[in-house]
Amino acid sequence: KAGVTQTPRYLIKTRGQQVTLSCSPISGHRSVSWYQQTPGQGLQFLFEYFSETQRNKGNFPGRFSGRQFSNSRSEMNVSTLELGDSALYLCASSLVPAGNYEQYFGPGTRLTVT
Amino acid sequence: DAKTTQPNSMESNEEEPVHLPCNHSTISGTDYIHWYRQLPSQGPEYVIHGLTSNVNNRMASLAIAEDRKSSTLILHRATLRDAAVYYCILRDTAGNNRKLIWGLGTSLAVNP
């Protein structure tokens, strides 16, 4: 069974631009979560989608948005990029969004904003 | 908000057991305790999870205190491949983790 895939793996953008990251969950998984990881902050939760609906949202500004498609694939978008948005963006999938199910993470997309 | 506290770093020797502690004094009755680890240049990897009873799987064991305010991840025989950052997190029954901060975890070094 293929794991969680994220594209692109690396991305360089300029301040003010926007970016879209993609995540394909494990086949059969319907829950997708997004995290931002920076060296000094650890993993910070961005949002979670289940059956095309956003279930939870972390404490990030409205410049960060996401969506989920009927095939459970998910995208996240960051508009008006800032230098501080440079980070590793991780996507995780699970069967359903329940506490007794494990999450499977992708390798992440490394975003650099210059 | 649910929060966990872990030591910044720990060190072990190869083939010796490792006990990684985690404090979660604000845990609620519906919170599951999850452990993940992240190897260099990879996304986090699921290790184990539990609610009240101790749990074992092929990777590790999870010992949960009777009051559930702390837990310990046990690697029975550390290998060089176990060198990673270990995260202890809480997820409630509904899977909500919007208030959760993963933090910096425990960086485990394994000496040959």
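Remember, predicted model here, so these are calculated numbers, not experimental data.

How each quantity is defined
Residues numbered from 1 in each chain as written. Chains lettered and ligands numbered in written order. Predicted model: local features only at pLDDT ≥ 70, side-chain atom pairs only at ≥ 80, totals over all residues. Heavy atoms only, no water. Helix = DSSP H or I, 4+ residues; strand = E, 2+ residues; numbered from the N terminus. Rg over C-alpha atoms; globule rule 2.2 N^0.38 Å. Buried < 20%, exposed > 50% of the residue type's maximum accessible area, 1.4 Å probe, protein only. Contact = heavy atoms within 4.5 Å. Areas by Shrake-Rupley, 256 points an atom, 1.4 Å probe, with all protein chains shown as cover. Lys, Arg positive; Asp, Glu negative; His and termini not counted. Charge placed at Lys NZ, Arg CZ, Asp CG, Glu CD. 1 Å grid on protein atoms, 1.4 Å probe; cavity = no way out; pocket = protein on both sides within 12 Å on 5 of 7 lines; lining within 4 Å. Points joined across faces, edges and corners; volume = space filled by probe spheres on them. Nonpolar A, V, L, I, M, F, W, Y, C, P; charged D, E, K, R; others polar. Pairing = 2+ DSSP bridges. Axes fitted to C-alpha atoms, helices over the stretch in contact; angles between N-to-C directions. Phe/Tyr/Trp six-rings, centres within 6.5 Å; stacked < 30°, edge-to-face > 60°. Salt bridge = Lys/Arg side-chain N within 4 Å of Asp/Glu carboxyl O. Buried area = accessible area lost by both parts, 1.4 Å probe. Polar contact = N/O pair within 3.5 Å; in protein donor to acceptor, adjacent residues only side chain to side chain.

Colleague: It is not clear to me how the overall build of chain B should be interpreted in this structure. Could you clarify?
Modeller: Along chain B, the regular secondary structure elements total zero helices and 10 strands. Along its sequence from the N terminus, chain B presents helices and strands in the succession β-β-β-β-β-β-β-β-β-β. On C-alpha atoms alone, chain B measures out to a radius of gyration of 13 Å, which is about the 13 Å that the 2.2 N^0.38 rule sets for 112 residues. Along the first, second and third principal axes, the C-alpha atoms of chain B reach 40 × 30 × 20 Å. Residues counted as buried form 46% of the 112 residues belonging to chain B. Taking as baseline every contact in chain B between residues at least 6 positions apart, the subset at least 24 positions apart corresponds to 57%. Here chain B has roughly 5600 Å² of accessible surface; of this, 48% comes from carbon and sulfur atoms. On chain B, the mean spot of the 10 positive side-chain charges and the mean spot of the 11 negative ones are 8 Å from each other.

Colleague: I keep staring at the layout of surface pockets and nothing clicks. Help me out?
Modeller: Approximately 310 Å³ is the volume attributed to the largest pocket. Looking at the largest pocket, it is lined by 17 residues, and the ones nearest its centre are Gln37(A), Leu88(A), Arg110(A), Gln38(B) and Ser41(B). Classifying every residue of the lining of the largest pocket gives seven nonpolar, eight polar and two charged.

Colleague: Looking at this structure, I do not really get the sheet that holds strand β7 (residues 64-68) of chain A. What am I missing?
Modeller: The strands making up a sheet associate through backbone hydrogen bonding, with each pair oriented either parallel or antiparallel. All names here are of chain A. Pairing is antiparallel in the open sheet, where four strands are placed in the order β1-β3-β8-β7. The open sheet is flanked by β1 (5-7) and β7, the only strands paired with a single partner. Between one strand axis and the next, the sheet turns through 20° on average, direction left out of account.

Colleague: Before we go on, may I ask you to explain the packing of aromatic side chains in this structure?
Modeller: Within a pair of aromatic rings, the relevant descriptors are the distance that separates the centres and the angle that separates the planes. Enumeration over the complete set of coordinates arrives at six aromatic pairs over all chains. Ring centres of Tyr35(A) and Phe45(A) lie 5.8 Å apart, and the angle between their planes is 65°; on these two criteria the pair is classed as edge-to-face. Separated by 10 residues along the polypeptide, Tyr35(A) in strand β4 (residues 31-38) and Phe45(A) in strand β5 (residues 42-50) bring together distant segments of the chain. One exposure class covers both Tyr35(A) and Phe45(A), and it is buried. These aromatic residues form a ring-pair network of at least three members: Tyr35(A), Phe45(A), Phe105(A), Tyr36(B) and Tyr46(B).

Colleague: Help me understand the sheet that holds strand β2 (residues 18-23) of chain B in this model?
Modeller: Residue and element names in this part refer to chain B. Spatially, four strands are ordered β2-β7-β6-β5 in an open sheet, and the strand pairing comes out antiparallel. Strands at the two margins of the open sheet, each flanked by one partner only, are β2 and β5 (55-56). Where β2 meets strand β7 (residues 70-75), six bridges bridge the pair, whose relative direction is antiparallel. Across the sheet, Asn23 pairs through a bridge with Ser70, a residue of β7.

Colleague: Looking at this structure, I do not really get the pattern of salt bridges. What am I missing?
Modeller: As a working rule, side chains carrying opposite charge can pair if their charged atoms are close by. Counted according to the given criterion, the structure contains eight salt bridges over all chains. Between Glu45(B) and Arg37(B) there is a salt bridge, with the nearest N and O atoms lying 2.9 Å from each other. Note that Arg37(B) and Asp82(B) form a salt bridge whose closest N and O atoms lie 2.8 Å from each other. Residue Arg37(B) is located in strand β3 (residues 31-38), and its partner Asp82(B) is located in the loop between β7 and β8 (84-92); the two are separated by 45 residues in the primary sequence. Accessibility expressed as a relative area gives 11% for Asp82(B), which makes it buried. Ionic contacts of the salt-bridge type, sharing partners, join the residues Arg63(A), Glu82(A) and Asp85(A) into one network.

Colleague: Whenever I open this one, the interface of chain B and chain A confuses me. Can you help?
Modeller: In many analyses, interface size is given as the accessible surface area lost on bringing the parts together. With 22 residues of chain B at the contact, the number on the chain A side is 25 residues. Summing both sides of the interface, chain B and chain A together bury roughly 1800 Å²; the carbon and sulfur share of this comes to 48%. For the interface between chain B and chain A, the tally reads three residue pairs in polar contact (both at pLDDT 80 or more). If you list the elements that add at least two residues to the side of chain B that touches chain A, you get β3, β4 (45-50), β8 and β9 (101-103) of chain B. The leading source of residues in the side of chain B that touches chain A is β3(B), at four residues. Across the side of chain B that touches chain A, the residue classes tally to 10 nonpolar, nine polar and three charged.

None of the figures reported here should be taken as evidence of function without further support.
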